[in-house]
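# Structure assessment
One-letter residues, chain by chain:
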Amino acid sequence: MNYENILTRIEGKVGVVQFNRPKALNALSPELMDETMTALEAFDADPAIGCLLVTGSDRAFAAGADIKAMATAGVVEMMADTFISHWDRFKNIRKPVVAAVSGYALGGGLEFAMACDMMIASETARFGQPEIKLGVIPGAGGTQRLTKAVGKALAMEIVLNDRMLTAEEAATFGLINHVYPVEVYLAEAIKFANQIAERAPLAAQLAKEAVNASFEMPLSASIAYERRLFHLLFGTQDQKEGMAAFVEKRAAEWKGK
Ligand code: DAK
């Protein structure tokens, strides 16, 4: 595929998507989102890939949705399928997704990163939801995922008063997994993603599904759901292989079957 707004590559077993609109600080235009989802869907369908990684540049992961593309829109345009439908495709990605964040992760940029399964950041990363300065509020999960991650008091401050978190603060509040110097964060994120890519593929998919279910369901229902997913894995060759490998004191060889 020839993309105009992103770069893609494969690093080991990791499919990498890199936002590539440097002049607009990787603002997430509808075209960029369409290409991103198309690339992620292709990696998701590729059995040689075990984990996906989304990144931007050292200066900006993404400074939000494209304000210039939204500025004159009315409610009808904003509700139109073309703007929102690309974002909605992300929830159907089954493999784990790591975000490697440096510089600005603002507005939709932070919302996209929070929709990923894990976040690795550079020390220069800055996380914020500045939509209030534009006369709007977050529209792609910012008020919800952020509140679940950092709690009500801090989420209110970020959303209402344009508080930006440093990478160190984001790690302290549990928004992100690890922080590295800017020179190495991407290499570390790729290493991290490759470790996950080496895991039993079906178990990794169901693990992601089970953790995400905790955001959607009451506890008793999500525990019952987790148990069914656990039972389901006993129908896979990988469960037999994983347990046999433990007993025989050798490394397991996963088939994804
Ligand atoms: N959109 C478009 N262009 C942007 C941009 C953005 N979000 N952010 C930066 N740019 C452009 C600037 O306009 C500038 O372009 P030129 O003027 O040179 O042509 C270029 O990138 C460099 O930016 P600056 O000159 O401003 O650079 P600085 O270093 O001075 O400042 C900054 C960096 C990140 C602090 C500043 O650019 C900034 O405040 N940017 C806007 C941040 C922001 O407000 N983000 C929130 C946008 S609203 C939804 C999905 C998503 C969303 C909503 C709904 N659905 C699925 C329903 C999301 C909404 C948003 O994200």
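Just above sits the structure.
As the structure is a computational prediction, the values presented were derived from the model and not from experiment.

Arg59, Ala63, Ala65, Ile67 and Gly108 are the nearest of the 25 residues found near the ligand. Within the contact set of the ligand, an oxygen atom lies 3.3 Å away from a backbone nitrogen or oxygen of Lys23. A distance of 3.0 Å is found between a nitrogen atom of the ligand and a backbone nitrogen or oxygen belonging to Ile67. If the ligand stood free it would expose 1,100 Å²; the protein chains cover 68% of that surface. Of all elements in the fold, only helix H2 (67-70), helix H4 (81-88), strand S6 (104-106) and helix H5 (108-115) reach the threshold of two or more residues within the shell around the ligand. Here the residues of the shell around the ligand are counted per class, giving 15 nonpolar, 4 polar and 6 charged.

Moving on to the packing of aromatic side chains. A complete count under the given rule lists 5 aromatic pairs for this structure. With 6.3 Å between their ring centres and 75° between their planes, Trp87 and Phe112 make a pair best called edge-to-face. Of the two residues, Trp87 is situated in helix H4 and Phe112 in helix H5; the sequence distance between them amounts to 25 residues. Of the two residues examined, Trp87 and Phe112, each falls in the buried class. Aromatic pair Phe230 and Phe234: ring centres 5.2 Å apart, planes at 65°, arrangement edge-to-face.

Those residues of helix H7 (residues 152-161) that sit buried are Leu154, Ala155, Ile158 and Val159. For H7, the angular spread of buried residues about the axis comes to 125°, placing them on one side. For H7, the exposed residues set more than 90 degrees away from the buried face come down to Lys152, Ala153, Leu160 and Asn161. On its buried face, H7 is in contact with strand S8 (126-128), helix H6 (142-150) and strand S9 (165-166). Just past H7, the residue Asp162 takes up positive phi, approximately 55°.

Analysis parameters
Residues numbered from 1 in each chain as written. Predicted model: local features only at pLDDT ≥ 70, side-chain atom pairs only at ≥ 80, totals over all residues. Heavy atoms only, no water. Near = heavy atom within 4 Å. Polar contact = N/O pair within 3.5 Å; in protein donor to acceptor, adjacent residues only side chain to side chain. Areas by Shrake-Rupley, 256 points an atom, 1.4 Å probe, with all protein chains shown as cover. Helix = DSSP H or I, 4+ residues; strand = E, 2+ residues; numbered from the N terminus. Nonpolar A, V, L, I, M, F, W, Y, C, P; charged D, E, K, R; others polar. Phe/Tyr/Trp six-rings, centres within 6.5 Å; stacked < 30°, edge-to-face > 60°. Buried < 20%, exposed > 50% of the residue type's maximum accessible area, 1.4 Å probe, protein only. Arc of directions from axis to C-beta. Contact = heavy atoms within 4.5 Å.

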